[in-house]
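# Residue-level structure breakdown
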Amino acid sequence: MAKVRTQDLLNQFNLELVAGRDGVHREIFMSDISRPGLEMAGYFKYYPKDRLQLLGKTEMSFFNELSSEEQRDRVINLCTDITPGIVITRGMDIPEVLIAAADESGVPLMRSPHKTTRVTSRLTNYLEARFAPFTAIHGVLVDIYGIGVLITGQSGVGKSETALELVKRGHRLVADDSVEIRQEDYDSLIGNSPPLIEHLLEIRGLGIINVMTLFGAGSVRSYKKISMIIHLELWDQKKQYDRLGLEEETMKIMDVEVPKAIIPVRPGRNLSVIIEVAAMNFRLKRMGVNAAEEFSERLTNMIQQEKGEENE
């Protein structure tokens, strides 16, 4: 799991550091953000002190109505030795008592000019992306007509060559050889390339080629949601392959089941065109059009019609 420090938030969102400079390297351990409303009223029994704290207009308005002693008590309890930071939204003025407590305890006190809901949303999305479960898979990820297709298969089966042909046909390469995958939310997988091999393809006989240099910036993407998996395998005469498309296989990556199609490889098969059509067919299925089911329904109706004529 990636480490996230308060300094990363300062760099990412251009927050103003008002106090607590000594604590900018404190580590953030979760994506949850706390808005200490009950704490402002003095109830700290279940105070989530290890979360990032966010004070909006409501919290600050209530705080400003407290007596000096109450304010001092609240800020001392808010600023603990493990609190990663406090963010004040809407560019509001920060009471001196809070600034002094933040400096004394080393809790970074930051200010954002934006509205509370917007700051909460952006911080949460950023932290959830950084803390998302992570894995790596050997394969090639290509964006085909907006569908993220992960091409897998044993080494030497032709994954990179197929990806090169797809790029020539106008599609975009995301990653070759190693695909880093993180799970966002409960049903979404985002794939990207390791920085070392970003935009590069390895073609046996040619070596390493830079796709962006050869085909332009429109031929690559930094990341893409994985929607389907195409598994390439050498043609096995003894194996029965699906010829109608009624069988729907899936592959589980972390907690997400991803639709999977197996394409046998043998001389004369244009894999890039087949994968391109598979991506288009996947889009049609998401729109409610399933050619295999339509054919099966036609066949069933024809059989029933012939049986009816025989009975007559």
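Predicted model only: the values in this text are computed from it and were never measured. Residue numbers run consecutively from 1 along every chain, following the written order of its sequence. In view of the model being predicted, local features appear only for residues whose pLDDT reaches at least 70, and side-chain atom pairs are presented and counted only at 80 or more, with totals across whole chains, interfaces and linings using the full set of residues. Just so you know, side-chain values use all the structure's heavy atoms and leave hydrogens and water out.

Once that is clear, we can look at the pairing of strand β13 (residues 188-192). Within β13, 5 of the 5 residues are buried, which leaves it mostly tucked inside the rest of the structure. Working definition: with a 1.4 Å probe on protein chains only, accessible area under 20% of the residue-type maximum means buried, over 50% means exposed, and in between means partly exposed. Helical segments are the DSSP runs of H or I of at least four residues, strand segments are the runs of E of at least two, and each set is numbered from the N terminus. Judged by which residues are buried, β13 turns out to be covered on both faces: Ser 188, Ile 190 and Asn 192 on one side and Leu 189 and Gly 191 on the other are all buried. Pairing between strands is defined by DSSP: at least two bridges between the two strands are required. Bridge analysis of strand β12 (residues 178-184) against β13 gives 5 bridges, and the strand direction is antiparallel. Directly across from Ile 181, in β13, lies its bridge partner Gly 191. Bridging between β13 and strand β16 (residues 223-225) involves 3 bridges; their strand directions are antiparallel. Counted as the bridge partner of Asn 192 is Tyr 223 from β16.

Our focus in this paragraph is the UniProt feature "binding site: ATP" (unreviewed entry) in the protein. UniProt positions are given in the numbering used here, feature names are shortened, and annotations may be inferred rather than shown by experiment. Following the UniProt record, the feature "binding site: ATP" (unreviewed entry) maps to Gly 153, Gln 154, Ser 155, Gly 156, Val 157, Gly 158, Lys 159 and Ser 160 here. Along the chain, Gly 158 turns up in the loop between β10 (147-153) and α7 (159-168). You can call Gly 158 buried: its relative accessible area is 13%.

Time to look at the sheet that holds strand β9 (residues 140-144). Within the open sheet, the 6 strands sit side by side as β11-β9-β10-β17-β19-β18. Their pairing is mixed. Both edges of this open sheet fall to β11 (172-175) and β18 (249-253), since each of them pairs with a single strand only. Across this sheet, the average inter-strand angle for adjacent strands is 35 degrees, counted without regard to direction. Pairing analysis gives 3 bridges linking β9 to β11, with the strands arranged antiparallel. Counterpart to Leu 141 in the pairing with β11 is Ala 175. Axes here refer to lines fitted to C-alpha atoms; in helices the fit is confined to the stretch in contact. Angles between the N-to-C directions go from 0 to 180 degrees.

For the rest of this paragraph, the subject is the packing of aromatic side chains. When we look at a pair of aromatic rings, we describe it by the centre distance and by the angle of the planes. Here a Phe, Tyr or Trp ring, Trp counted by its six-membered ring, pairs with any other such ring whose centre lies within 6.5 Å, and the pair is stacked when the planes are under 30 degrees apart, edge-to-face when over 60, and tilted otherwise. Per the stated rule, a full pass over the model turns up 3 aromatic pairs. Centre to centre, the rings of Phe 13 and Tyr 126 are 5.4 Å apart; their planes meet at 85 degrees, and the pair counts as edge-to-face. Here Phe 13, found in helix α1 (residues 6-13), pairs with Tyr 126, found in helix α6 (residues 116-130); they are 113 residues apart in sequence, far enough to count as distant. The exposure class of Phe 13 is buried, given its relative accessible area of 16%. Judged by relative accessible area, which is 14%, Tyr 126 ranks as buried. With centroids separated by 6.4 Å and ring planes inclined at 50 degrees, the aromatic side chains of Tyr 43 and Tyr 46 adopt a geometry described as tilted. Whether a charge sits over a ring depends on NZ of Lys or CZ of Arg being within 6 Å of the ring centre and within 35 degrees of the ring normal. Of note, Arg 266 hangs over the ring of Trp 235, and the distance from its end group to the ring centre comes to 3.9 Å.

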